[in-house]
Amino acid sequence: MGAICPVGAHSYFPSSSPLRTTLRGRTSLSAGGLRLPRSWSCRSSPTQLAVHDDLDSLLAVLPEDLRQDVVDASKRSSLVEIILDLGRLPEARYVGENGGEALRRSEVTEKELEYVLHAVGGFLGDNRAGIPGRAVHGAVNMISDLLSYAKNILFVGRPGVGKTTTIREAARVLSNELFKRVVIVDTSNEIGGDGDVPHPAIGRARRLQVPNPSLQHRVMIEAVENHMPEVVIVDEISTEAEASACQSIAARGVMLIGTAHGETIESVMKNRSLSKLVGGVQAVVLGDEEARIRGCQKIVLERKTLPTFPFLIEMRERHYWILHHTEKSVDKLMLGKLPLVEVRRLDDQLKLVVERWSPYSRMDC
């Protein structure tokens, strides 16, 4: 499905989930345990990434003269978004390419934007409307082993890096291949689609739609209390109420997979609303003797409790992820030290490369 989000009278902003088409601020149509030696790495057989799209449904809402320009067979599977800004040239953007490609030489008109809005239809409480879109099977293969552990996993990363795509595929794998009872809390209909019948991309997982984004935390608790899930999947955890709902779900023994606002584990630690997801941070006053033994100041930062998510994955790029054992990483970072992490990436042949016990590398500011 796709989501289209109007913010201004004639302008819209892009989104990036492959099942989402977003118009907001401007019009943007989005097509996307073991202890081992420190230097150890492994390579898997090539990861199969299968793209299943309904691009024709996306093209149907475009002005007619733009449709054929978008249909470039060599780039179809890498289409990220189509940008329609009033008074500017229409653009198509693709994975791995900087900037966008102009689709024609004339600017977008107000009449064309009205045509798109009429073709898409009504909007939800978060100013989004949906159309069918693309699902990418195989996107979760980089962490297929983690899914079998039944431990909570949190994904963070910049917009457009593929977080929603990954948890959508996780829903399919968990429900279809691991035979888990999966419930998706689908606030913006970006995971399971905008129709009454969930998109096939989520497999046998059930989907709970949320009438208003402010109610997401309530629907999260409802999912556990009323539907007996083994796994709950939720996108865009962003408020303290939602973080508290995650804690409640985890305390009931239900596996939780989610995404959160933030690019790194440190950004989550510093976020007052979300820090409890990684155990929370508190200031502790040490006695003189304890401070002397530790060789530190009397006031130090410590983790409050166990993290809600034992695993946190920084999605630096679509095929380059940093896996944290959250408890160990948070403790190290609060001591001013860099933790050891696991780097998971796909090489040029789409083979999975796993590098365990790698020193954590902070993102450039």
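Please refer to the structure higher up on the page.
Note that the coordinates shown come from a computational prediction; the quantities given were computed from them, not determined experimentally. Position numbers for residues start from 1 in each chain and track the written sequence from start to end. In keeping with the predicted nature of the model, local features appear solely for residues at pLDDT of at least 70, side-chain atom pairs appear and are counted solely at 80 or more, and the whole-chain, interface and lining totals rest on all residues. The basis for every side-chain value is the complete set of non-hydrogen atoms in the structure, without hydrogens or water.

## Considering the packing of aromatic side chains
So, point 1. Only Phe, Tyr and Trp rings are paired, with Trp represented by its six-membered ring, and only when their centres lie within 6.5 Å; those with planes under 30 degrees apart are stacked, over 60 edge-to-face, the remainder tilted. Applying the stated rule across the entire model yields 2 aromatic pairs.
So, point 2. Aromatic side chains Y149 and F311 sit 6.4 Å apart centroid to centroid with 35 degrees between the ring planes, which places their arrangement in the tilted category. In this pair, Y149 is assigned in the loop between α4 (144–147) and β8 (153–156) and F311 in strand β15 (residues 311–317), connecting sequence segments 162 residues apart.
So, point 3. Classification of Y149 as partly exposed rests on a relative accessible area of 41%.
So, point 4. Ring centres of F155 and W321 lie 6.0 Å apart, and the angle between their planes is 80 degrees; this geometry places the pair in the edge-to-face category. Of this pair, F155 sits in strand β8 while W321 is found in strand β16 (residues 320–325), placing the two residues 166 residues apart along the sequence. Just as F155 is buried, W321 falls in that class too. The secondary structure listing takes helices from DSSP runs of H or I that are at least 4 residues long and strands from runs of E that are at least 2 residues long, numbered from the N terminus. Burial classes follow relative accessibility: with a 1.4 Å probe on protein chains only, a residue under 20% of its type's maximum area counts as buried, one over 50% as exposed, and anything between as partly exposed.

## Digging into helix α10 (residues 326–334)
So, point 1. The complete set of buried residues in α10 reads T326, S329, V330, L333 and M334. The buried residues of α10 all sit within an arc of 125 degrees when viewed along its axis, so they share a single face.
So, point 2. Contacts: residue pairs with any heavy atoms within 4.5 Å of one another. Where α10 is buried, its residues meet α8 (265–270), β13 (281–285), β14 (299–303), β15, β16 and β17 (340–346).
So, point 3. Once α10 finishes, G336 follows within two positions and takes phi at roughly 80 degrees, a positive value. Taken from the helix axis, the directions to the C-beta atoms give the arc we talk about.

## Notes on the pattern of salt bridges
So, point 1. Salt bridges, as used here, are contacts in which a Lys or Arg side-chain nitrogen is within 4 Å of a carboxyl oxygen on Asp or Glu. For the structure on display, the rule yields 21 salt bridges.
So, point 2. For R344, the salt bridge goes to D145, with nearest N and O atoms at 2.7 Å. Of this pair, R344 sits in strand β17 while D145 is found in helix α4, placing the two residues 199 residues apart along the sequence.
So, point 3. As a salt-bridge pair, E317 and R158 come within 2.8 Å of each other at their nearest N and O atoms. Of this pair, E317 sits in strand β15 while R158 sits in the loop between β8 and α5 (163–177), placing them 159 residues apart in sequence.
So, point 4. R158 sits in the partly exposed class, given a relative accessible area of 31%.
So, point 5. Taken together, the shared-partner salt bridges in this structure form one network comprising D145, E342, R344 and R356.

## Remarks on the environment of V120
So, point 1. Positionally, V120 belongs in helix α3 (residues 110–120).
So, point 2. Considering only alpha carbons, one finds V120 and A60, 60 residues apart in sequence, at a separation of 9.3 Å.

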